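Here's the letter readout for the chains.
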Amino acid sequence: MLQKFKRIDGPIITILLLLMGISVVAVYSAGRYWAGHQNDYISIIVNYAIGFVALAGMTLLDFRIFIKYARYIYLGGLLVLMLVFFFGENLNNAQGWLRIGGLSIQPAELFKLGLIISLAYMLMLRRQGELRFVRDVLLIGLVTFVPFAVVMAQNDLGNALAYLVILIGMLWIGNMKASHALIGLIIFTVAVVGGIKAYTTFHEEIYTFMKDIGRQHWTDRLDPWLMPDEASAAAKWHTENAKLAIASGGMTGEGFLQGSSVQSGRVPYTYSDSIFVVIAEEFGFVGSSALLLLYFILIHRMILIALECRDRAGPYIVVGIVSMLLYQIFENIGAFIGIMPLTGITLPFVSYGGTSLLINMASMGLIMSIRVHGQEIDDDLPDPVRSRTVKQT
């Protein structure tokens, strides 16, 4: 056991401890204004303690165990997602939480890791061969689309989009044909450009439709991004005040506990989704850059682990986790500087949120397991080529 812990990646653990410190400081500052959130920083410490225990447990387990049972992980995760329709609680316009005793969990967050493991299993079976369009790309896309549709129906746009980003990242490393990638890029570009054009052209009709089906808050989040001049004051309140707070931070910030917008409550959810605003306003460009540098080093260390791994499934898992984290970082920060729509996604390892932190720490544990166990080639994993040969003989 000690030999395994000696092989863990020290820089990643150091970065996680630094992110924990940033999270505690930022959440403490943000919680001073909001009633009921003054002690959230204590919960952050407790959640991180639980997270490091989860990280240690995942490190000790051979990650190939999860690959062997990927089908059951996928089906079990999908079942839990479906339970939200019957027993889920609504929070911030999304029906995405299950309450178990005194705990509230978000299955859509938990399913991210299950999806990564499932897609890694499917890609591993190809033995690094080129992906065929119908039997591979379409099938993997269908496996991703099912939970995407379920989470979209639960009104959780942020996590649903994360599934698509994970899919794209893993197909990219899965040896997708250049022609298929080009076709996909063209379809994506046409869909995005056409969607934006349709939204701006038929805005009134879309707004009325969304209001009728209870999705008005989607247009309230898209309007400040696509049509800022025509968006209502209420729709622009969050993002406009966030941009003003970030700008007021300047180079070195207004000082800890001195953020004028943060401490006056002009920016909502500063203890959670808007935590970056706290860092930018109170610690300025220097503090924001330090946070981004930590993320960069973290991603870099993960990619190095993928390159060193000799197992077939390990690199796929790493790329899936990297895609998940990059999406969350880019989407969360981008929403508050005006280059992305606001989707309510958390900032990894910094925002207040037990389920999000737990899944991110478990993901880091899986990365550590790949570093510890990924130097051996496992011949016990399913091999479709070998299976076909046996059947023919």
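Residues numbered from 1 in each chain as written. Predicted model: local features only at pLDDT ≥ 70, side-chain atom pairs only at ≥ 80, totals over all residues. Heavy atoms only, no water.

Peer 1: Hey, could you run me through the pattern of salt bridges in this one?
Peer 2: A side chain with one charge may pair with a side chain of the opposite charge, provided their charged atoms come close. Overall, the coordinates contain 8 salt bridges when judged by the stated rule. Arg 301 is paired through a salt bridge with Asp 9; the nearest N and O atoms lie 2.6 Å apart. Of this pair, Arg 301 sits in helix H13 (residues 275–308) while Asp 9 sits in the loop between helix H1 (2–6) and helix H2 (10–31); the two residues are 292 residues apart in sequence, bridging distant segments of the chain. Across the pair Arg 132 and Asp 136 runs a salt bridge whose closest N-O atoms are separated by 3.3 Å. (Salt bridge = Lys/Arg side-chain N within 4 Å of Asp/Glu carboxyl O. Helix = DSSP H or I, 4+ residues; strand = E, 2+ residues; numbered from the N terminus.)

Peer 1: Explanation requested: the environment of Leu 291 in the structure shown.
Peer 2: Among the secondary structure elements, Leu 291 is positioned in helix H13. When the C-alpha atoms of Leu 291 and Tyr 28 are compared, they prove to be 17 Å apart, with 263 residues separating the residues in sequence.

Peer 1: Please clarify how a negative patch on the surface should be interpreted in this entry.
Peer 2: A surface patch of negative charge is lined by Glu 204, Glu 205, Asp 229 and Glu 230. Within the element layout of this structure, Glu 204 appears in helix H10 (residues 203–212). (Patch = residues over 30% accessible without salt bridge, like charges linked within 9 Å, V, L, I, M, F, W, Y side chains within 5 Å. Areas by Shrake-Rupley, 256 points an atom, 1.4 Å probe, with all protein chains shown as cover. Lys, Arg positive; Asp, Glu negative; His and termini not counted. Charge placed at Lys NZ, Arg CZ, Asp CG, Glu CD.)

Peer 1: For this particular structure, what's the right way to read the packing of helix H12 (residues 233–248) against helix H14 (residues 314–337)?
Peer 2: How two helices pack is summed up by the angle between their axes together with the distance between the axes. Here H12 crosses H14 at 90°, and the two axes come no closer than 7 Å. Judged by the angle between their axes, H12 and H14 are roughly perpendicular. Residue-level inspection shows His 238, Thr 239, Ala 242, Lys 243 and Ile 246 of H12 in contact with H14, the latter providing Ala 335, Phe 336 and Ile 337. When the residues that make up the contact of H12 with H14 are grouped by side-chain class, the tally is 5 nonpolar, 2 polar and 1 charged. (Axes fitted to C-alpha atoms, helices over the stretch in contact; angles between N-to-C directions. Parallel < 35°, antiparallel > 145°, perpendicular 65-115°, else oblique. Contact = heavy atoms within 4.5 Å. Nonpolar A, V, L, I, M, F, W, Y, C, P; charged D, E, K, R; others polar.)

Peer 1: Sorry, what's going on with the side chain of Thr 59 here?
Peer 2: Its location among the elements puts Thr 59 in helix H3 (residues 40–60). Note on Thr 59: relative accessible area 1%, which makes it buried. Residue contacts for Thr 59: discarding those within four places in its chain leaves Ile 8, Gly 365, Met 368, Ser 369, Val 372 and His 373. (Buried < 20%, exposed > 50% of the residue type's maximum accessible area, 1.4 Å probe, protein only.)

Peer 1: I tried to follow unusual backbone geometry on my own but got confused; where do I start?
Peer 2: For Leu 257, which is not glycine, the phi dihedral falls at a positive 70°. Residue position: Leu 257 is located in the loop between H12 and H13. Leu 257 gets classed as partly exposed once you look at its relative accessible area, which sits at 22%. If you check the backbone angles, Tyr 269 has positive phi at about 55° while not being a glycine. Within the secondary structure, Tyr 269 sits in the loop between H12 and H13.

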